[in-house]
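An overview of the molecular structure
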Amino acid sequence: MLTLSEILRQGPVERRAIGRTMINRHGLMFFAGQTGVYGCCVRDVTHQGAGIRLDGLNVVPLDFDLSFDNFHTVRRCKLIWRDGDFVGVALASLAS
């Protein structure tokens, strides 16, 4: 059995069931009912969600659209959590 100091030296444990791919890619967010788009940095992504670094946005709606390619394709996002300037979102399933 490990001691507490041994456990703490191991560092954080990944609890996600699905591994994320680090991409650090510029994205654009669009909020329904508002004009304009907002830049962000998509830090990591899976087929189910993404971690996004906001560029100074104080308020983010629960649902919004996200694009990596200047809105040629769009993914619907649902805000799951927020920690300062970093948010985690669930990506809506792609329609077939």
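How each quantity is defined
- Residues numbered from 1 in each chain as written.
- Predicted model: local features only at pLDDT ≥ 70, side-chain atom pairs only at ≥ 80, totals over all residues.
- Heavy atoms only, no water.
- Phe/Tyr/Trp six-rings, centres within 6.5 Å; stacked < 30°, edge-to-face > 60°.
- Buried < 20%, exposed > 50% of the residue type's maximum accessible area, 1.4 Å probe, protein only.
- Helix = DSSP H or I, 4+ residues; strand = E, 2+ residues; numbered from the N terminus.

**Digging into the packing of aromatic side chains**
Two aromatic rings are characterised by how far apart their centres lie and by the angle between their planes. Summed over the entire model, instances satisfying the criterion amount to 3 aromatic pairs. Taking 4.9 Å as the distance between ring centres and 20 degrees as the angle between the ring planes, the aromatic pair formed by F31 and Y38 counts as stacked. Since its relative accessible area comes to 25%, Y38 is described here as partly exposed. For the ring pair W81 and F86, a centre distance of 5.5 Å and an interplane angle of 50 degrees mean the geometry is tilted. Judged by its relative accessible area of 37%, W81 falls in the partly exposed class. Taken together, the aromatic side chains of F31, Y38 and F64 make up a single cluster linked through ring pairs.

**So, unusual backbone geometry**
Of note, the phi angle at N24 is positive, near 40 degrees, even though the residue is not glycine. Mapped onto the secondary structure, N24 falls in strand β1 (residues 21-30). Assessed through its relative accessible area of 45%, N24 is described here as partly exposed.

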